[in-house]
Structure formats: C-alpha cells, structure tokens
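Here is what each chain is made of, one letter per residue.
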Amino acid sequence: MFRDEIARRRVLFLGGKGGVGKTTSAAAVALDQARAGRRVLLVSTDPAHNLGHLWGRKIGEKPVVLHPGLDAVEIDPDREADRHFKTVGQHLYGMMPEHLHGEVRRYLQVSAQAPGAHEAAMLERTAQLAVDGLRDYDLVVFDTAPSGHTARLLALPEMMAQWTRALLDNRTRADRFGAAARSLDGGNEESGIGARRSRDQRIRELLERRQTLLAEFRIVITDPKLSGFIIVLAAERMPVLETLELRKQLAESNIAVIGYLINKRTPDAADSELLATRHAAEEQWVAELRKGIGRGALIVQTPLLAHEPIGEAALAEFGGMLFGGPQ
Ligand SMILES: Nc1ncnc2c1ncn2[C@@H]1O[C@H](COP(=O)(O)OP(=O)(O)OP(=O)(O)O)[C@@H](O)[C@H]1O
Ligand SMILES: [Mg+2]
C-alpha cells in the first residue's frame, strides 16, 4: 500500500525532526524504486550531507550513479546562496542608477547573511531540480533538512512569486516611463538607449524565468497525484508533536502527506523490562499520533536495528522492512 502510494508519485519529500531516519529512508525508498525499474534522482538538501556517507561515495552537485537507475545529488547551500546573490545582484545593478551601486553592494552583502537567504537560494535550486527532474526521471526523492523549515520552504514559492511579480510590474512602469521620456527628447543617444533596452530585456527575462520556474514548482508540489510528503518520526513526545505541527503547515501549503514512517521502534521484549517499558511508552505516542492524523492516514513502522543501515545491502534490507511489514 505504501509502496503503491510511492510508485504512482513523481516527486517525494521526506522530512521530519533531526536524526529520525530521513536520509536512511529516502535512500531506501529511492533504491527500492530504482530496483523496480524506475529512473530515480535522489536529492539531499541537507547541509550536513550524510547521503554520501551512507553510500560510501562522494556525492556532489552533478548526478552520481549509485545503482543502475538511481542517481544522486547533494545541494550545497553556501554555493547556492553565492550563485543566487550573483543573479539578484545582476538584477539590482541593472535597475539602479550608477551612483547607487555602492548601496546595492552593501545591500547584497547584508542580504547574503540575512536569515532566509540560504532558504531562498535552496528553494530555487530545489525547484529547478524538481522541474528538470520531472523531464529526466520517473521519480525525484528529496531528503530534506532536519527542521520545521521544510514546510515553510515549500510555502515560499508563493511569496517569492509575488515578490517577483511586483518587481516585474515595477519594470513595466519604468519601461513605459523610459519610452515616454525617450520620445520626448527625440530619441537621441541611440546607442545608449539600445544598450539599456537589451539590459532591461535581460533583467525581465531573468525575472520571468524565475517566475515561471516557481509557478511550475508550485503546481507540481501541490498536485497530490504528482507529489507527496512522507513524515519520518520516532514514537516519542517531541517527534510526534512536531509531526502534527508539520502536518498542519503542509496542509496550509496544500501539500499532501502520503504517509508517516515511525522509525527505530523498540522491540517488545518480554524478557527485558527496559525494552518492554519503552515499547509501551512508544505505543502511547503512536496512539497520540493516530488521534492527531485521523483514521485513514497511512502509518508504517520500522524497528530499531542492532546496526546502522549503511551501504546498499543494508538499505535494501531496510527497504524490505519499510514495504514488507504490516501496513
Ligand atoms: N531503524 C534504525 N535502526 C538503527 N539505526 C538507524 C535506523 N534508522 C536510522 N538509523 C541510524 O540513525 C542515524 C540517523 O539516521 P539518518 O541520518 O537517516 O537520520 P536523519 O533524519 O536524516 O538525520 P539528520 O536530521 O541528521 O539529517 C544514522 O546513523 C542511521 O544509520
Ligand atoms: Mg539526514
């Protein structure tokens, strides 16, 4: 059932609290789907990047083949932010008169350090990978960063689209004003005007490209037939409470949660009081989760293993538990 839900989607996000098993399960899901014959791109948007560690491989910005049909990339937030601000800089320098360029430089320096800067950059890259991924792959799996920011990040396209639209409107007004001014002064300085026109055109194209990309991304992630979010958690107080909060935020952004993966379940061992007590406490948190997410929601549980599931064989085995257990 869980596998069917995954098999019919094209874009998956795995998110949840730190250390619950997002990277492990994203890798296991991606491997399972590649083995089933789909072309899969596994993307890590986590600054800590343990995807490479998991596969014992160096993974970077360019796709690396992990298994036939399974490629992986890791997004570097610092590099994305640099690239992003270079582009934003181009826009701003182009829009502002020369005597304000010093201000623009200072503004860019501050903005690159501002909260949210990395997120905006990561969003653009994520959107690009999702949109391009739909063309080149059957499935794109995003292993997201360990924070509640993921939901907000996915809500960002709306905000950024509005911002870009406002910029475009301003440019339209500025273009009209410019054209009127030029007709008044009789169209002198032909070459200067020509240069400015082509620069304006470039800025407009950049803004429009970003607008289109974010709009496309938004359409993809809010289409429940195309995309879904899997929340990974542990059966403990904080992960359960954060899961309910994340679920709410995702609903507000119209992003479908296709399932809840409760990882690292303590075995119910009659001969160990410690394990039996922990197991019982976890059961209460599972019940709490069920109450919060409603009856129809899909819950999958995987046990705490003696060894960390690292490497392809262990991930395949983990995938077996993920899809083979009671669902
Ligand atoms: N079922 C399990 N049994 C035992 N160890 C596990 C299990 N699932 C994951 N682990 C281990 O727990 C650690 C955290 O897992 P993982 O890196 O997948 O979590 P994460 O949610 O991606 O963490 P982060 O928030 O830091 O990105 C890893 O060392 C992983 O090997
Ligand atoms: Mg991780």
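Structure shown above.
Below is a short write-up of the structure. All values reported here derive from a predicted model rather than from experimental measurement.

So, on to the pairing of strand β2 (residues 40-44). Burial analysis of β2 places 5 of its 5 residues in the buried class, which makes it a mostly covered element. Sheet analysis places β2 next to strand β5 (residues 139-143), joined by 5 bridges and oriented parallel. Pairing of leucine 41 across the sheet is with valine 140, part of β5.

As a further point, take unusual backbone geometry. The phi dihedral of asparagine 254 is positive, around 60°, even though this residue is not glycine. Relative to the helices and strands, asparagine 254 resides in the loop between α9 (237-252) and β7 (257-265). The phi dihedral of lysine 264 is positive, around 60°, even though this residue is not glycine. Position of lysine 264 among the secondary structure elements: in strand β7. Classification of lysine 264 as partly exposed rests on a relative accessible area of 39%.

With that settled, the discussion passes to the layout of surface pockets. What the largest pocket holds in volume is close to 480 Å³. Residue lining of the largest pocket: 22 residues in total, with Gly19, Gly21, Thr24, Lys264 and Glu308 positioned closest to the centre. Of all the elements in the fold, those that place two or more residues in the lining of the largest pocket are α2 (22-35), α3 (51-55) and β7. In terms of residue count, the dominant contributor to the lining of the largest pocket is α2 (3 residues). Taken together, the residues that form the lining of the largest pocket break down as 10 nonpolar, 8 polar and 4 charged.

The rules behind these values
- Residues numbered from 1 in each chain as written.
- Chains lettered and ligands numbered in written order.
- Predicted model: local features only at pLDDT ≥ 70, side-chain atom pairs only at ≥ 80, totals over all residues.
- Heavy atoms only, no water.
- Buried < 20%, exposed > 50% of the residue type's maximum accessible area, 1.4 Å probe, protein only.
- Helix = DSSP H or I, 4+ residues; strand = E, 2+ residues; numbered from the N terminus.
- Pairing = 2+ DSSP bridges.
- 1 Å grid on protein atoms, 1.4 Å probe; cavity = no way out; pocket = protein on both sides within 12 Å on 5 of 7 lines; lining within 4 Å.
- Points joined across faces, edges and corners; volume = space filled by probe spheres on them.
- Nonpolar A, V, L, I, M, F, W, Y, C, P; charged D, E, K, R; others polar.

No statement about biological role is implied by the geometric values presented.
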